[in-house]
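Summary of the model geometry
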Amino acid sequence: RDWSSDVCSSDLLLPMFWTTFVATFLYGARIGALVGVAVPLLNVLLTGLPDPVRLGSTVAELAVFAVFTALLVARAPRLLVAGPLAYVGAKLTSAVLVAGLRGDASGLSPSALGASLGRALGGMAVLLVLHFVLLRLQAKAPDRHDAAAV
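What counts and how
Residues numbered from 1 in each chain as written. Predicted model: local features only at pLDDT ≥ 70, side-chain atom pairs only at ≥ 80, totals over all residues. Heavy atoms only, no water. pLDDT = per-residue confidence, 0-100. Helix = DSSP H or I, 4+ residues; strand = E, 2+ residues; numbered from the N terminus. Contact = heavy atoms within 4.5 Å. Axes fitted to C-alpha atoms, helices over the stretch in contact; angles between N-to-C directions. Left-handed = near helix turned anticlockwise from the far one by under 90°. Nonpolar A, V, L, I, M, F, W, Y, C, P; charged D, E, K, R; others polar. Core = buried A, V, L, I, M, F, W, Y, C linked by side-chain atoms within 4.5 Å. Buried < 20%, exposed > 50% of the residue type's maximum accessible area, 1.4 Å probe, protein only. Salt bridge = Lys/Arg side-chain N within 4 Å of Asp/Glu carboxyl O. Parallel < 35°, antiparallel > 145°, perpendicular 65-115°, else oblique. Expected span 1.5 Å × (residues − 1). Arc of directions from axis to C-beta.

Quick look at the confidence of the model for the protein
Across the protein, pLDDT averages 86, with 87% of residues at or above 70. Per-element confidence in the protein ranges from a low mean pLDDT of 44 for helix H8 (residues 144–149) to a high of 96 for helix H2 (residues 15–27). Overall, residues 1–5 carries pLDDT values under 50, and its contacts beyond four positions in sequence, including any with other chains, amount to three contacts. Throughout residues 145–150 the model reports pLDDT below 50, and contacts reaching past four residues in sequence, or to other chains, amount to zero contacts.

Focus: the packing of H2 against helix H4 (residues 52–75)
Between two packed helices, what matters for the description is the angle formed by their axes and the separation of those axes. Two numbers describe how H2 lies on H4: the axes approach to 9 Å, and their chain directions differ by 40°. Crossing of H2 over H4 shows right-handed handedness. Side by side, H2 and H4 meet where Met-16, Phe-17, Thr-20, Phe-21, Thr-24 and Phe-25 of the first sit next to Thr-58, Glu-61, Leu-62, Phe-65, Ala-66, Thr-69, Ala-70 and Val-73 of the second. Class assignment for the residues of the contact of H2 with H4 results in nine nonpolar, four polar and one charged.

Concerning the environment of Tyr-27
Residue placement: Tyr-27 occurs in helix H2. The spacing of Tyr-27 and Ala-70 is 43 residues in sequence and 9.2 Å in space, taken between C-alpha atoms.

As for the nonpolar core
Counting residues in hydrophobic clusters, the biggest one holds 18 residues, and the most contacted among them are Leu-14, Phe-17, Phe-21, Phe-25, Phe-65, Tyr-87 and Leu-127. Within the residue set of this core, elements represented by two or more residues are H2, H4, helix H5 (82–102) and helix H7 (121–140).

Quick notes on the pattern of salt bridges
All chains considered together, the criterion is met by one salt bridge. For Glu-61, the salt bridge is made with Lys-91, and the minimal N-O distance between the two is 3.4 Å. With Glu-61 in helix H4 and Lys-91 in helix H5, this pair connects stretches of sequence that are 30 residues apart. For Glu-61, a relative accessible area of 9% gives the class buried. With relative accessibility at 17%, the residue Lys-91 sits in the buried group.

Examining unusual backbone geometry
Cis peptide bonds are those with omega within 30 degrees of zero, and the linkage from Leu-49 to Pro-50 qualifies with 5°. Along the chain, Pro-50 turns up in the loop between helix H3 (29–47) and H4.

Regarding the packing of H3 against H4
H4 packs onto H3 with a crossing angle of 155° between their chain directions and a minimal axis gap of 8 Å. Considering the angle they form, H3 stands roughly antiparallel to H4. Relative to H4, the crossing made by H3 is right-handed. The segment H3 lies against H4, with Ala-29, Gly-32, Ala-33, Gly-36, Val-37, Pro-40, Leu-41 and Val-44 engaging Leu-55, Thr-58, Val-59, Leu-62, Ala-63, Ala-66 and Ala-70. Grouping the constituent residues of the contact of H3 with H4 by class yields 12 nonpolar, three polar and no charged.

Considerations on the environment of Val-35
Mapping Val-35 onto the fold places it in helix H3. When the C-alpha positions of Val-35 and Phe-21 are compared, they lie 9.2 Å apart, and in sequence the two are 14 residues distant.

Let's talk about H3
End to end, H3 covers 27 Å across 19 residues, agreeing with the expected 27 Å (1.5 Å per residue, within 8%). Those residues of H3 that fall on the buried side of the exposure criterion are Gly-32, Ala-33, Gly-36 and Pro-40. Looking down the long axis of H3, one finds its buried residues gathered within 110° of arc, a one-sided arrangement. Among the exposed residues of H3, those pointing more than 90 degrees away from its buried face are Arg-30, Leu-34, Leu-45 and Leu-46.

This is the structure:
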């Protein structure tokens, strides 16, 4: 594999989506979207990535991801594939927005979308594991109402 291509580890593992997923799961869509906006901005200040050309679409994608995650988790909290489904929804939404803004629909082709989603399988697996861990921690956490009564 040629690692000098445009594909970087963040495209493969989706770390900005992890923080957005956790924030959304714990605090809802507003905080999740705020984290989704803040993380790439902070990352670009610290590392120079994502590339400024991709920064806007990354921020939008993460904000949409937070909304989709919040909707899925609210309706089916134990649906372990909520993170991956929200990612796919955000990726499709982002592709449509980019195509509309740039007037170039090449990113909407099945091969382009398939390649993009295929690269992200590892990151989507991490989102699934994160959801499982959050559910387990939530089940073990004492009820806040019980703790307040003591």
